[in-house]
Amino acid sequence: MHIVDILQQWSENSAFFTWLRESPSIWAYPMVFFIHTLALVFTDSASVVIDARLLGAVRRLPISPLSKLFKVIWIGVTLTVVSGLVMLGTDVQTKVMNRLFPVKMLFVLAAIVLTAVLRNQIASTGVESSASPLARVLAAASLVCWCGAIASGKFAAYL
Amino acid sequence: MKWWFVPLWKTLHYFAVAGLVGIVGLIDLRILGVAKGLPLRPLQRLMPWAFVSFLVTAVSGYALSRIDPANTIGPPVNVAYAAKILFLVLIGLNDVLYFATGLKRQVDGVGAGDNTSASAKIVAAVSIALWIGVVYWSRMLTFLAGAI
C-alpha cells in the first residue's frame, strides 16, 4: 500500500482528525487555519523587513540587531509547520495529491534553509551598514521563496 | 471569470499585508522592547512603505469584495467581515492617536538600547492585538459567511 493511503486510513480512523474534519465549530478546523495564517504573517513580516534591509532599504538601520528577529521567525515557522501538518492530517489524500503541493513544499523547505543560512551569515559577519553580496543574494532568494510558498498555497486551494 | 482571479488577488493582498504588518509590527515590537539594538527613527522611516502596502491591500481587498461574496458584509450579514472592518477602523484611530499626541515624534528620539515610554508601549500593544484580530476575522470570512 502507498504511504499516502496508509496515512489517509490512519487519519480517517483517528478520533482527533475526524473531529477536526467534521466539526462545524469555528474552534475546530478554522482555529488551526487561523494559527497557520497568523504564524505565517509573523514569519513573513519579519523576513520581508530583514530582506528589504539587506537589499539596501533604510541604510541607517543597523543590521546586526535584526538578528534578534530570527527568534520571531523560528517561533512562526514552528507554529506554521505544526498547524500545517495538523490540517494536512484532516485530508491527506486530497492535499498531498494537489498538483501544487510539491511546489509549495519545495518553496517552504528552500525558504527555511535560506533563512537559517542568512541568520548565520548576519550573526558571523556582524555587518552594521551594508550587507555582503552573498547576504544580498540570500535575502533576494529568501524573498522569492516565501512569495512562491504563499502563491502556491493560495493557488492550490483553487485547483 | 477565470479560476485564477481570486487566488491571484489573494496572493497580491497577502504580499501587501506582509509588507504592511512587517513594518508596523516591527515598529510595535521594538517599542515593546524586542530587538532593542534598533534605533526607532530609521525604523519609523519605513512608514511611507507601510502606507504604500496599505494602498495595495485596500485595492486588492476591494477587488476581492467584488469577485468573492465571502468578502462582503452580506446579506446575510457576515460577522467576520463586519468585525474585520471595525478592527481596521480601530487601528486607524490608534494610528491617528499615535501621530496626533506627538508620540510618534517622541518615539523618534528613542535610540539603540533605549526604552520607550509607557504610553508608547500601550499604543504598540493595542496595535499588535488589533492586527492579530484582523488576521483572525480575515481567516473567519469564509467560515462565517452566511452564518446569520
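Residues numbered from 1 in each chain as written. Chains lettered and ligands numbered in written order. Predicted model: local features only at pLDDT ≥ 70, side-chain atom pairs only at ≥ 80, totals over all residues. Heavy atoms only, no water.

Visitor: Explanation requested: the overall build of chain B in the structure shown.
Guide: Each helix and strand counted, chain B has six helices and zero strands in total. Its C-alpha atoms put chain B at 50 × 30 × 25 Å along the principal axes. Burial statistics for chain B: of 148 residues in total, 47% are counted as buried. Accessible surface, chain B as shown: approximately 7,200 Å² in total, 73% of it carbon and sulfur. Each charge class in chain B was averaged separately, 12 positive and 5 negative side chains, and the resulting centres sit 4 Å apart. (Helix = DSSP H or I, 4+ residues; strand = E, 2+ residues; numbered from the N terminus. Buried < 20%, exposed > 50% of the residue type's maximum accessible area, 1.4 Å probe, protein only. Areas by Shrake-Rupley, 256 points an atom, 1.4 Å probe, with all protein chains shown as cover. Lys, Arg positive; Asp, Glu negative; His and termini not counted. Charge placed at Lys NZ, Arg CZ, Asp CG, Glu CD.)

Visitor: I tried to follow the side chain of Lys10 of chain B on my own but got confused; where do I start?
Guide: Mapped onto the elements of the fold, Lys10 of chain B is located in helix 1 (residues 5-31). No salt bridge is formed by the buried Lys10 of chain B; its nearest oppositely charged neighbour, Asp68 of chain B, is found at 4.2 Å. Beyond its immediate stretch of four places on either side in the chain, Lys10 of chain B contacts Lys154 and Tyr158 of chain A together with Leu64 and Asp68 of chain B. (Salt bridge = Lys/Arg side-chain N within 4 Å of Asp/Glu carboxyl O. Contact = heavy atoms within 4.5 Å.)

Visitor: Even after reading the chapter, I still don't get helix 3 (residues 47-67) of chain B, so can you show me in this structure?
Guide: One turn of the α-helix equals 3.6 residues, which is why residues spaced by three or four share an orientation. Residue and element names in this part refer to chain B. Across its 21 residues, helix 3 extends 30 Å between first and last C-alpha, which sits within 8% of the 30 Å expected from 1.5 Å per residue. All buried positions along helix 3 are accounted for by Ala50, Ser53, Thr57, Ser60, Ala63, Leu64 and Ser65. Against the buried residues of helix 3 lie helix 1. (Expected span 1.5 Å × (residues − 1).)

Visitor: It is not clear to me how the environment of Val107 of chain B should be interpreted in this structure. Could you clarify?
Guide: All names here are of chain B. Its place among the elements puts Val107 in helix 5 (residues 103-108). What makes Val107 buried here is its relative accessible area of 0%. Counting along the chain gives 88 residues from Val107 to Gly19, while the straight-line C-alpha distance between them is 21 Å.

Visitor: Mind showing me how you'd approach the interface of chain A and chain B here?
Guide: Interfaces are often sized by the amount of accessible area the parts lose when they come together. With 31 residues of chain A in contact, the opposing surface of chain B contributes 33 residues. Of the roughly 3,100 Å² buried between chain A and chain B on both sides combined, carbon and sulfur atoms contribute 83%. The largest per-residue losses of area from chain A upon contact with chain B belong to Lys154, Phe155 and Tyr158 of chain A, which jointly make up 20% of the total buried on that side. Counting across the chain A and chain B interface gives zero salt bridges. The interface formed by chain A and chain B includes six residue pairs in polar contact (both at pLDDT 80 or more). (Buried area = accessible area lost by both parts, 1.4 Å probe. Polar contact = N/O pair within 3.5 Å; in protein donor to acceptor, adjacent residues only side chain to side chain.)

Visitor: Quick question: what am I supposed to make of the confidence of the model for chain B here?
Guide: A low pLDDT means the predicted coordinates there should not be read in detail. Summary statistics for chain B give a mean pLDDT of 93 and a share of 99% for residues scoring 70 or more. Looking at the elements of chain B, mean pLDDT is at its lowest for helix 2 (residues 40-44) of chain B, recorded as 94, and at its highest for helix 4 (residues 79-100) of chain B, recorded as 96. (pLDDT = per-residue confidence, 0-100.)

Visitor: Please clarify how the confidence of the model for chain A should be interpreted in this entry.
Guide: Per-residue pLDDT for chain A averages 91, and the proportion of residues at 70 or more is 97%. Element-level pLDDT for chain A is lowest in helix 1 (residues 3-13) of chain A, with a mean of 87, against a maximum mean of 95 in helix 4 (residues 69-90) of chain A.

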